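Take a look at the letters that make up each chain.
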Amino acid sequence: MRTLLLLPVALLFSLPAFAGKSGRIELGRRLFMDPTVSRAARFSCASCHSPEHGFSDPRVLSEDENGTTARHSQPLLDLRDGAGMHWDGEFFTVRELLVARLAPTADAQAQAVALAARHFSAARGEGGDETAFGERIRQLRPPSWIAAGAPTVTFAAPLARRLEEEGRYAAGFRAAFGSPRVTTDRLVDAMEAYVLSLRSGTSAYDRDDLSPAARRGLALFRGKADCASCHAGERFTDDRFHNTGVAFVAGSPVDAGRAGRSFVARDRARFKTPSLRDVARRAPYMHDGSFPTLLDVVVYYNRGGTRNEGLDRHIRPLGLERGEVDDLVAFLESLTSDERPGLGRAVAHRSDTRIRIEDLKGKPVEGLRVELTPYGDRLGSEGAPGAGPAAMTATTDKAGVLSFRFPRSTHVMLSAEGLAIGEGQPLPDCVREARLIAAPKGATAVRLKGRGLPKRLVGRSDRNDEIVLDRVRRLGANEALYVADRPPGESIVVVFENLPRGLVSRRYPLGIGKGFSEAIDLRPDPTPPPRPASTGAVSTRARERVREAAAPSPADDRESPPRGPSPSSG
């Protein structure tokens, strides 16, 4: 559920020194932390790549808008020096990964087809399986990333349009690009600049300040344990794919690994070698998160992995004694920097922010005590890893205005007893003046966008119950605030039955009795159908499959989000 409604009055960027490349990095940092900066407006990049956990996830598997991810989240440090993104090398560049996450689904669909064709073209001389390629292309027909057979639900409006209309990042885009206009290219540019700026810090290994145990572990790493055969170079990775046996259970692989992308049988259960920089911060380990500690990892390799026909030749029993195992772990821990990587610069002067809080009718809420909780990423290097600014409180004046100075964090969340303030959108530190709407937590308020919205909307839930929404106030020429006539309950899915012509009737989530439900955009999606992808050196039959996959269908992304395997599977 989102709980924040932002109606910008004036937006003044507080970081005038950040412009050009630095402005893009700082804008990208804030977009990275915001859960509304996603197709479903529910999960941020940081949801799976936590800055305080080595830009990985402390959970074995992550949760995103598509459900549970298939693999453990990979770290994001030093990507500008590497090659191939994800455990199976799905993406060649960071930019392609971001397009898959942020672009209109038709564009992401076209890119997915093009990437599959590129992988298959590269595998032609290595026995690439055209049947497997054809099946992949068939699966990529939209909608492509909700489980097959699941009812489709429209989560949110196209991302770039939604962010531009909300205006929360207008000043950030102006600082980074010279105007507040939000486009998919600008979104990707900013977040790519941020991700590529993430560098691992200086470790004890870099300072040549190893403990005696770590120094013995380094000798083992390069010698008896032979870890350096795959974890090579300054980043401690060869950027290649290896079968280490981790994917095998009872003699069979449970994950196709690289073969699922390359269409080459010998790549079965091979996964990319991860960098060991900052490795001690990001447990659990392996593509499936199956090892809770570094000790578990070393013990596994010391035993010789899991035997299988395609096991990498470097995986063999190592014969390490317990003391040597501990020394090797000590060396791995020495590769972690003292300071958390990716910290943003704290700004010396941050002017006061003024937020007017209104009730559902538009009247100011006077004397409201509001808690402001730091959110997103902390700024500045003070404090131990995980430490950040404390929450604070402020009270609205007679005009309903809340005045406060931003803590050293990229965002804040606002909350008050008995009220849901807005739609759960975190407030970024580039906002200086805005209006927020507060709703009683037992109510069901929802913002609707569309031309010619009526005073009353009638919908039908997935349980065939009638839902009536009454217009409370207009928020703009094509936007209004509605309240449902339903008692508190759980979220449901609703289809509206009396929409004016020109608006789109889809299945929409509606949070009943939560104060605010998610905003619903009833306007048609202007996204054009995807262009046929370049197929490279593939057969005529394969080219035809690509053309079929790129063609619009009745269930394409202009009507609903795609289905199939989650693209967030790492």
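Note that the structure is a prediction, hence the values are computed from the model and not measured.

1. Thoughts on the overall build of the protein chain
- When helices and strands are counted, the protein chain shows 12 helices and 23 strands.
- When burial is assessed residue by residue, the protein chain has 57% of its 570 residues classed as buried.
- Sequence-distant contacts in the protein chain: of pairs separated by 6 or more residues, those separated by 24 or more amount to 70%.

2. Examining the confidence of the model for the protein chain
- With 84% of its residues at a pLDDT of 70 or more, the protein chain has an overall mean of 84.
- Note that residues 8–16 has pLDDT below 50 and, in this model, 31 contacts with residues that lie over four places away or in other chains.
- Contacts for the low-pLDDT stretch residues 552–569, under 50 throughout, to residues beyond four places or in other chains number 63 contacts.

3. So, helix α5 (residues 159–166)
- Of the residues making up α5, those classed as buried are L159, A160, R162, L163 and E166. Buried residues of α5, seen end-on, are gathered within an arc of 165° and therefore sit on one face of the element.
- G167 occupies a position one or two residues after α5 and carries a positive phi of about 75°.

4. Brief notes about the side chain of D255
- Inspection of the secondary structure puts D255 in the loop between β6 (252–253) and α9 (259–262).
- A distance of 2.8 Å separates the side chain of D255 from the backbone nitrogen of G257, its partner in a polar contact.
- Among residues more than four places away in sequence, those in contact with D255 are R71, A247, A269, F271 and H287.

5. What about the pairing of strand β16 (residues 444–449)?
- Burial analysis of β16 places six of its six residues in the buried class, which makes it a mostly covered element.
- Of the two faces of β16, the one holding T444, V446 and L448 and the one holding A445, R447 and K449 are both buried throughout.
- When β16 meets strand β22 (residues 515–516), the two strands line up parallel, connected through two bridges. Its bridge partner lying in β22, T444 is registered against G515.
- Two strands pair when backbone bridges link them, and β16 and strand β19 (residues 479–484) are joined in this way by five bridges, in the antiparallel orientation.

6. Side note on the packing of aromatic side chains
- Tallying each qualifying case throughout the model produces 15 aromatic pairs.
- Between the aromatic rings of F221 and F331, the centroid separation amounts to 5.0 Å while the plane-to-plane angle is 55°, which identifies the pairing as tilted. Highlighted residues: F221 in helix α8 (residues 212–222) and F331 in helix α11 (residues 322–333), separated in sequence by 110 residues. Like F331, F221 is buried.
- Residues F291 and Y300 carry aromatic rings whose centres are separated by 5.0 Å and whose planes lie at 45° to one another, so their mutual orientation is tilted.

7. A word on the environment of V365
- Position of V365 among the secondary structure elements: in the loop between β8 (352–358) and β9 (369–378).
- Its relative accessible area of 17% is what places V365 among the buried residues.
- Taking the C-alpha atoms as reference, V365 lies 8.2 Å from V401; in sequence the two are 36 residues apart.
- In this structure V365 touches I357, E358, D359, T396, D397 and G400, once residues within four positions along its chain are discounted.

8. Quick look at the environment of C227
- With respect to the helices, strands and loops of the structure, C227 is situated in the loop between α8 and β4 (241–242).
- For the pair formed by C227 and V298, sequence separation is 71 residues and the distance between their alpha carbons is 9.9 Å.
- Filtering out sequence-adjacent residues up to four positions away, C227 remains in contact with F221 and L328.

9. Observations concerning the side chain of E192
- Locating E192 in the fold gives a position in helix α7 (residues 184–197).
- Of the residues examined, E192 reaches a relative accessible area of 19% and is grouped as buried.
- Of the polar contacts made by the side chain of E192, one reaches the side chain of R95; its length is 2.9 Å.
- Ignoring anything within four residues of it in the chain, the contact list for E192 reads V94, R95 and L98.

10. What about unusual backbone geometry?
- P284 follows A283 through a cis peptide bond whose omega is 0°.
- Within the chain, A41 stands out as a residue other than glycine whose phi angle is a positive 60°.
- Given the relative accessible area of 3%, A41 is considered buried.
- If you check the backbone angles, H86 has positive phi at about 85° while not being a glycine.

11. Digging into the nonpolar core
- By size, the foremost hydrophobic cluster in this structure holds 40 residues, and its most contacted members are L31, F32 and L187.
- Of all the elements in the fold, those that place two or more residues in this core are α1 (20–33), α2 (94–102), α5, α6 (170–177) and α7.
- The dominant element in this core, judged by the number of residues it contributes, is α7, at seven residues.
- Residues within four places of L31 in sequence aside, it is in contact with V37, L163, Y169, F173, L187, A190 and M191.

12. Description of the sheet that holds strand β12 (residues 409–415)
- Ordered in space as β10-β9-β12-β14, the four strands form an open sheet in which the pairing is antiparallel. Of all the strands in the sheet, just β10 (392–395) and β14 (427–428) have a single pairing partner and so form its edges.
- Pairing between β9 and β10: four bridges, direction antiparallel. In the sheet register, R369 faces β10, and the bridge partner there is T395.

13. Comments concerning the pattern of salt bridges
- Tallying each qualifying case throughout the model produces 44 salt bridges.
- The closest approach of N and O atoms between E90 and R261, which form a salt bridge, is 3.3 Å. With E90 in the loop between β3 (67–68) and α2 and R261 in helix α9, the pair connects residues that are 171 residues apart, well separated along the chain. Of the two residues examined, E90 and R261, each falls in the buried class.
- The partner of R456 in a salt bridge is D470, and the shortest N-O contact between them spans 2.6 Å.

14. Some thoughts on the environment of G424
- Looking at the element boundaries, G424 is found in the loop between β13 (419–421) and β14.
- When its relative accessible area of 11% is taken as the criterion, G424 is described as buried.
- Note: C-alpha distance between G424 and T36 (388 residues apart in sequence) is 8.8 Å.

15. Here's the deal with α11
- Over its 12 residues, α11 runs 17 Å from end to end, which matches the ideal 16 Å to within 8%, given 1.5 Å per residue.
- When α11 is considered as a whole, its buried residues turn out to be V325, D327, L328, V329, A330, F331 and L332.
- Contact partners of the buried residues in α11: α8 and α10 (294–302).

16. Some words on the packing of α1 against α6
- Two elements in contact, α1 and α6, have axes whose closest approach is 7 Å; the angle formed by their N-to-C orientations is 150°. Between α1 and α6, the crossing angle belongs to the class labelled roughly antiparallel. Two packed elements cross with a definite hand, and for α1 against α6 that hand is left-handed. Packed against α1, whose contacting residues are G20, G23, R24, L27 and L31, the element α6 presents G172, F173, A175, A176 and F177 at the interface.
- For the contact of α1 with α6, a count of residues per class yields six nonpolar, three polar and one charged.

Calculation criteria
Residues numbered from 1 in each chain as written. Predicted model: local features only at pLDDT ≥ 70, side-chain atom pairs only at ≥ 80, totals over all residues. Heavy atoms only, no water. Helix = DSSP H or I, 4+ residues; strand = E, 2+ residues; numbered from the N terminus. Buried < 20%, exposed > 50% of the residue type's maximum accessible area, 1.4 Å probe, protein only. Contact = heavy atoms within 4.5 Å. pLDDT = per-residue confidence, 0-100. Arc of directions from axis to C-beta. Polar contact = N/O pair within 3.5 Å; in protein donor to acceptor, adjacent residues only side chain to side chain. Pairing = 2+ DSSP bridges. Phe/Tyr/Trp six-rings, centres within 6.5 Å; stacked < 30°, edge-to-face > 60°. Core = buried A, V, L, I, M, F, W, Y, C linked by side-chain atoms within 4.5 Å. Salt bridge = Lys/Arg side-chain N within 4 Å of Asp/Glu carboxyl O. Expected span 1.5 Å × (residues − 1). Axes fitted to C-alpha atoms, helices over the stretch in contact; angles between N-to-C directions. Parallel < 35°, antiparallel > 145°, perpendicular 65-115°, else oblique. Left-handed = near helix turned anticlockwise from the far one by under 90°. Nonpolar A, V, L, I, M, F, W, Y, C, P; charged D, E, K, R; others polar.

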